[in-house]
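Residue-level listing of the chains:
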Amino acid sequence: MNNGIGLANHRPGVNVIKINYIVLSVNALVIYFLVKMYYDSLVTFIMFINNNPLYFDPRKIRGSLKICSKSVIFEPDTISQPIIKIPLRDCIKIGKYGENGSNRHFAKAKSGEISLIFSQVYFIKEHNIVAPYKIERGKMEYVFELDVSGKLEDVVETLLQLHRASCLDKLGDQTAMITAILQSRLARTSFDKNRFQSVSEKLHMECKAEMVTPLVTNPGHVCITDTNLYFQPLNGHPKPVVQITLQDVRRIYKRRHGLMPLGLEVFCTEDDLCSDIYLKFYEPQDRDDLYFYIATYLENHVAERTAESYTLQWQRGHLSNYQYLLHLNNLADRSCNDLSQYPVFPWVIDDYCSAELDLSNPGTFRDLSRPVGALNKERLERLLTRYQEMPEPKFMYGSHYSSPGYVLFYLVRIAPEYMLCLQNGRFDNADRMFNSIAETWKNCLDGATDFKELIPEFYGDDVSFLVNSLKLDLGKRQGGQMVDDVELPPWARSPEDFLQKSKDALESNYVSEHLHEWIDLIFGYKQKGTDAIGAHNVFHPLTYEGGVDLNSIEDPDEKVAMLTQILEFGQTPKQLFVTPHPRRITPKFKNFSQTCSHNAPLADSPVSPGEESFEDLTEESKSLAWNNITKLQLHEQYKIHKEAVTGIAVSCNGSSVFTTSQDSTLKMFSKESKMLQRSISFSNMALSSCLLLPGDATVISSSWDNNVYFYSIAFARRQDTLMGHDDAVSKICWHDNRLYSASWDSTVKVWSGIPAEMTCTRRQRFDMLAELEHDVSVDTISLNAASTLLVSGTKEGTVNIWDLTTATILHQIPCHSGTVCDTAFSPDSRHVLSTGEDGCLNVIDVQTGMLISSLTSDEPQRCFIWDGNSVLSGSQSGELLVWDLLGGKISERIQGHTGAVTCIWMNEQCSSIITGGEDRQIMFWKLQY
């Protein structure tokens, strides 16, 4: 983490300091300790007290003069010398040296000298020791000699302007005048094109912006070319230009900054906590344009990803709990560069007293379904009593779970300068410091106003925030002991051991099974509204996104005061989920390839617990096949129909292939003889799908003539007809003597009395067990492995998940903009995948109905097969596409049919695939590995 600039104390005496002018452009601004700097200059410095020279030292000490929005800061290069801060509001007179009447002390005033007469000065970080500021009061005069004397007039004029701004009565007027000064200087400069890495770079965009770090914003110019992103600070601090190569960018996020949509954060790594650059723009359009340029450049749409795209990876165990929480924080506008929106992590351990930490005991853990403020029932009762008596707008908690003060409470040992800045140059009272893990947790449970959560550092690898390695004098507690290292719980042998056990707790089975409950509170549907009230999770209205519209506040003083209050109090993360968050799939064991996992059953779900157990060898062969799915090769192809192929069914031994077509025929093809053996026509209407009953004795076909036909292979004749719909039957499924039929008449019907081996001697009596009604025509259906769930896809783009045990709908998800082409459950029944005419592949969590992943292609994907992680889809153009759902990308494109791929079949071992298409062909594919 950026620890900011150092501060120090001052030894009385007179200094003469000669330093280099480190910024060529006088137009410079840096915010140090919440003040804005306009110049960073080389000076000679002479100090007077009460207008009397103390002594003259001819030694030359180099350093920087930083002229800021509300102060002047002198920072010597010699670290033993103190940093000097002069508030502009305390200045009595500013001008060229000699104009203030001080030149009588020397024979001749030099041409580049500036004189400041003031009544108060701060001395900071003497001998490079971080300690509370020392303040000296009384009339004093400091003289600074610029190495570049030609800048003197401009520097003095800027100082006088800023001094006038600091003396204005109203804070809003001060802010407005300072902003005007800054914008005037920015308007007179532009990006130096000589800083480009190559003369062949093509400029795309240039605009004004600020580079943001904690408590420090640095104005300048942003420039983006066809290969690089540049930021050039006006004052050349911390370096003349910051450059990021676009091909290194991995993630970009739009940010709220000061409650406005002005921020953009760029990461060149996938999982790091801190970004490579955080930019704040002056206009939202500039931010959006720059985001567009970077996102367009990135390959495979590696730009800003949705929360749902990470949810699937987390559920499947491809992201740790820590990584997932980092991604959610990033997506919710939390950044390490913004202390008012610092990443928030949960307390997960409730036991800080035992000698050993037992992660197998649920009692070890905090209740993640409740906010910190609701963990203590007695305290909660008092808070609720106050809440009920409170006038609108009501809130339960008078402080937030994340604020700049809380962040620096945890980080004071590695970022002491920040706390000194926020607390007017002083550390907090020693007894209120971060002294003990156990004490801090106890206060969060019992304190009247303490509801804070943790920060990512508690689950990282760097122990420095727990150790007073800087040997800071943080004060003495009431018991007489000095504040030093953080006191650890008995079960932690060292700071390293504490962090490791904290990480183990975060990744434990208990937390994995309950983390979704905490996500609901912080990022999800329990963050706002009636669900937040029911979860006792209501904070002050100003902490929520949209809680106040700053643009609607006309009074500048009120606007500045409101913004300051919000930034200091804390902000609730941006809401990412509006429905219950899916649970994580907790693996019982991991497959050797780690491409799919076998998971514990869903609690309170109709998913059968028995459907996740398979023989190891079968599972290994399936995993091996899906790992090599990109190596699919065409083996044979045959044109056996006159119109598009609509369905494929294969006998158990693989010798006979049955296909249906829009040419109204059911055909039987011998794979061994490679010849067409039978062609059957039931009517003059198209057939839409087919399936083989167990035993391979009967083929069932659905038809656009509203009927379902049963064909006996042994007797080579139609043996029965089910007339059960009022419009075309679009898809059929069968399981355990039950037939499921979907129709354009807006229904899915469940039929009984259909044995696996039907005789041709008598007609069957079909009994309708259930009718699942829809609003529009149903185009596709699919069963889960245990046939306890059914998913249907409609003409208008809705995916419906049904509980077949009760014939009730569980979820209705409008996730496509056109007809749903195909749907299927994952092998473990945790997820549903759907494809549509809109070209989207959508993954839905079965338990919650949440859309957790959505990938897009430039054409419809008409059919697919999948293993829960990877997808093989047939496209409108005839290609077969291999999708990596977890990586969010297309892994391979395989040339296939000359028209749309309309149906696809895979054997149980996942080694053989058959596709049918609009080109009237069936194609046989083999995996080569």
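Residues numbered from 1 in each chain as written. Predicted model: local features only at pLDDT ≥ 70, side-chain atom pairs only at ≥ 80, totals over all residues. Heavy atoms only, no water.

> Quick one: what's the story with the overall build of the protein, residue by residue and with numbers?
When helices and strands are tallied, the protein shows 14 helices and 48 strands. Considering the protein as a whole, with its 929 residues, one finds that 59% of them fall into the buried category. The long-range share in the protein, meaning contacts at least 24 apart out of those at least 6 apart in sequence, stands at 58%. Of the accessible surface of the protein, which amounts to about 37,300 Å², a share of 48% is contributed by carbon and sulfur atoms. (Helix = DSSP H or I, 4+ residues; strand = E, 2+ residues; numbered from the N terminus. Buried < 20%, exposed > 50% of the residue type's maximum accessible area, 1.4 Å probe, protein only. Contact = heavy atoms within 4.5 Å. Areas by Shrake-Rupley, 256 points an atom, 1.4 Å probe, with all protein chains shown as cover.)

> Run through the pairing of strand 14 (residues 228-233), naming residues and quoting values.
With respect to burial, strand 14 is a largely interior element, 6 of its 6 residues being buried. Burial along strand 14 is two-sided: Asn228, Tyr230 and Gln232 facing one way and Leu229, Phe231 and Pro233 facing the other are all buried. As defined by bridge partners, strand 13 (residues 216-225) adjoins strand 14 across 5 bridges and the pair is classed as antiparallel. Looking at the pairing, cysteine 223 lines up with tyrosine 230 of strand 14. Judged from the 4 bridges that link them, strand 14 and strand 15 (residues 242-245) form a sheet pairing that is antiparallel. Each residue of the ladder has a partner; that of phenylalanine 231, found in strand 15, is valine 242. (Pairing = 2+ DSSP bridges.)

> Give a description of helix 4 (residues 307-315) that names residues and reports values.
For helix 4, the buried fraction is high: 8 of the 9 residues fall into the buried class. For helix 4, every residue scored as buried is listed here: Ala307, Ser309, Tyr310, Thr311, Leu312, Gln313, Trp314 and Gln315. Next to the buried residues of helix 4 lie strand 16 (251-257), helix 5 (321-331), helix 11 (509-522), strand 39 (831-836), strand 40 (840-845) and strand 41 (851-856). Within two residues after helix 4, glycine 317 carries a phi angle of roughly 85°, on the positive side.

> Outline the sheet that holds strand 37 (residues 808-814), listing residues and values.
Pairing is antiparallel in the open sheet, where 4 strands are placed in the order 34-35-36-37. Edge positions in the open sheet fall to strand 34 (778-783) and strand 37, since each of these has one partner strand only. On average, each strand axis in the sheet is tilted by 20° relative to the strand beside it, whichever way the strands run. Relative to strand 35 (residues 789-794), strand 34 is paired through 5 bridges, and the arrangement is antiparallel. The partner of serine 782 across the bridge, within strand 35, is valine 791. (Axes fitted to C-alpha atoms, helices over the stretch in contact; angles between N-to-C directions.)

> Outline the sheet that holds strand 39, supporting the account with residue identities and numerical values.
Overall, antiparallel pairing links the 4 strands, which are arranged 38-39-40-41 in an open sheet. Looking at the sheet topology across the chains shown, the edges are occupied by strand 38 (820-825) and strand 41. Across this sheet, the average inter-strand angle for adjacent strands is 15°, counted without regard to direction. The pairing of strand 39 with strand 40 spans 5 bridges and is antiparallel. Residue pairing for strand 40: valine 832 is matched across the bridge by isoleucine 844.

> Explain the packing of helix 1 (residues 152-166) against helix 2 (residues 171-187) to me, and be specific about the residues and the numbers.
Between helix 1 and helix 2, the shortest axis-to-axis distance is 8 Å and the interhelical angle comes to 155°. One finds that helix 1 runs roughly antiparallel with respect to helix 2. Here helix 1 contributes Asp154, Thr158, Gln161, Leu162, Arg164, Ala165 and Ser166 to the contact with helix 2, which in turn contributes Gln174, Met177, Ile178, Ile181 and Arg185. Looking at the contact of helix 1 with helix 2 residue by residue, the class counts come to 5 nonpolar, 4 polar and 3 charged. (Parallel < 35°, antiparallel > 145°, perpendicular 65-115°, else oblique. Nonpolar A, V, L, I, M, F, W, Y, C, P; charged D, E, K, R; others polar.)

> Explain the environment of arginine 250 residue by residue, including any values.
As for its placement among the helices and strands, arginine 250 is situated in the loop between strand 15 and strand 16. Measuring from C-alpha to C-alpha, the distance between arginine 250 and phenylalanine 267 comes to 5.8 Å, with 17 residues separating the pair along the chain. Here glutamine 247 takes part through its backbone oxygen, which lies 3.1 Å from a polar atom of the side chain of arginine 250. (Polar contact = N/O pair within 3.5 Å; in protein donor to acceptor, adjacent residues only side chain to side chain.)

> Provide a residue-level description of the pattern of salt bridges, including the pertinent values.
Counting across every chain of the model gives 24 salt bridges. Linking glutamate 75 and lysine 66 is a salt bridge whose minimum nitrogen-to-oxygen distance equals 3.8 Å. For glutamate 75, a relative accessible area of 22% gives the class partly exposed. Put simply, aspartate 333 and arginine 255 hold a salt bridge, and the shortest N to O gap is 3.8 Å. Within this pair, whereas aspartate 333 is found in the loop between helix 5 and helix 6 (377-389), its partner arginine 255 is found in strand 16, the two being separated by 78 residues in sequence. Accessibility assignment for this pair places aspartate 333 and arginine 255 in one class, buried. Each of Arg255, Arg256, Glu265, Asp333 and Glu545 takes part in a single network of salt bridges with overlapping partners. (Salt bridge = Lys/Arg side-chain N within 4 Å of Asp/Glu carboxyl O.)

> So what's going on with the packing of helix 4 against helix 5? Residues and values would help.
In the contact formed by helix 4 and helix 5, the axes pass within 10 Å of each other and the chain directions differ by 175°. Accordingly, the angle class assigned to the pair helix 4 and helix 5 is roughly antiparallel. Between helix 4 and helix 5, the residues in contact are Ala307, Tyr310, Thr311 and Trp314 and Asn321, Tyr324, His327, Leu328 and Leu331, respectively. Counted by class, the contact of helix 4 with helix 5 contains 6 nonpolar, 3 polar and no charged residues.

> Before we move on, could you go through the pairing of strand 36 (residues 798-803) and cite the residues and values that matter?
Burial analysis of strand 36 places 6 of its 6 residues in the buried class, the great majority of the element. Across the two faces of strand 36 the burial is the same, with Thr798, Asn800 and Trp802 and Val799, Ile801 and Asp803 all buried. Hairpin geometry of strand 35 and strand 36 is characterised by an intervening segment of 3 residues between the two adjacent antiparallel strands and by a positive phi of about 95° at glycine 797. Of the strand pairs in this sheet, strand 36 and strand 37 are connected by 6 bridges, and their pairing is antiparallel. Bridged to isoleucine 801 within strand 37 is histidine 811. Between strand 36 and the antiparallel strand that follows it, strand 37, lie 4 residues; alanine 807 among them carries a positive phi value of about 55°.

> Quick rundown of a nonpolar patch on the surface? Include the residues and the values.
Residues Met685, Trp704 and Trp744 make up a contiguous nonpolar surface patch of roughly 260 Å² in combined accessible area. Note that tryptophan 704 resides in the loop between strand 27 (698-703) and strand 28 (707-712). You can call tryptophan 704 partly exposed: its relative accessible area is 31%. (Patch = residues over 30% accessible without salt bridge, like charges linked within 9 Å, V, L, I, M, F, W, Y side chains within 5 Å.)

> Lay out the environment of aspartate 77 with the relevant residues and their values.
In this structure, aspartate 77 sits in the loop between strand 7 (71-76) and strand 8 (83-87). Taking relative accessible area as the criterion, aspartate 77 reaches 51% and is therefore assigned exposed. Considered as a pair, aspartate 77 and arginine 62 are 15 residues apart in the sequence and their alpha carbons are 5.3 Å apart. For aspartate 77, the residues in contact, after removing those within four places along its chain, are Arg62 and Gly63.

> Before we move on, can you summarise unusual backbone geometry with the specific residues and values?
The omega angle of the peptide bond from glutamate 392 to proline 393 is -5°, so this bond is cis rather than trans. With respect to the helices and strands, proline 393 occurs in the loop between helix 6 and helix 7 (404-411). Of note, histidine 536 is a non-glycine position whose phi angle comes to about 55°, a positive value. Here histidine 536 is to be found in the loop between helix 12 (529-534) and helix 13 (556-569).

> So, the confidence of the model for the protein: which residues are in play, and what are the values?
Detailed reading of the predicted model is not advised wherever pLDDT is low. Averaged over every residue, the pLDDT of the protein is 86; residues scoring 70 or more account for 87%. Contacts from residues 1-59, a stretch scored under 50 in pLDDT, to residues over four places away or in other chains number 259 contacts. (pLDDT = per-residue confidence, 0-100.)

> Which residues make up the nonpolar core, and what are the values?
When a protein is soluble and globular, its nonpolar side chains tend to lie buried together. Phe434, Phe458, Phe498, Trp518, Ile519, Phe523 and Phe577 are the most contacted members of the largest nonpolar core, which totals 112 residues. Take this core: its biggest share by element is 7 residues, from helix 11. Contacts of isoleucine 519, omitting those with residues within four sequence positions, involve Tyr324, Leu325, Leu328, Gly524, Phe577 and His581. If you look at the next biggest cluster of nonpolar residues, it comprises 26 residues, including Val155, Leu159, Leu162 and Ile181. (Core = buried A, V, L, I, M, F, W, Y, C linked by side-chain atoms within 4.5 Å.)

> Talk me through the packing of aromatic side chains; I want residue IDs and the actual numbers.
Going through the model one piece at a time under the given rule, you end up with 37 aromatic pairs. Between tyrosine 122 and tyrosine 133 the ring centres are 6.2 Å apart and the planes differ by 80°, which places this aromatic pair in the edge-to-face class. Here tyrosine 133 lies in the loop between strand 10 (113-124) and strand 11 (134-146) and tyrosine 122 lies in strand 10, a separation of 11 residues in the sequence. An identical accessibility class is assigned to tyrosine 122 and tyrosine 133; each is buried. Pairing tryptophan 518 with phenylalanine 523 gives two aromatic rings, centres 6.1 Å apart and planes at 75°, and the pair type is edge-to-face. Grouping residues by exposure puts tryptophan 518 and phenylalanine 523 together as buried. (Phe/Tyr/Trp six-rings, centres within 6.5 Å; stacked < 30°, edge-to-face > 60°.)

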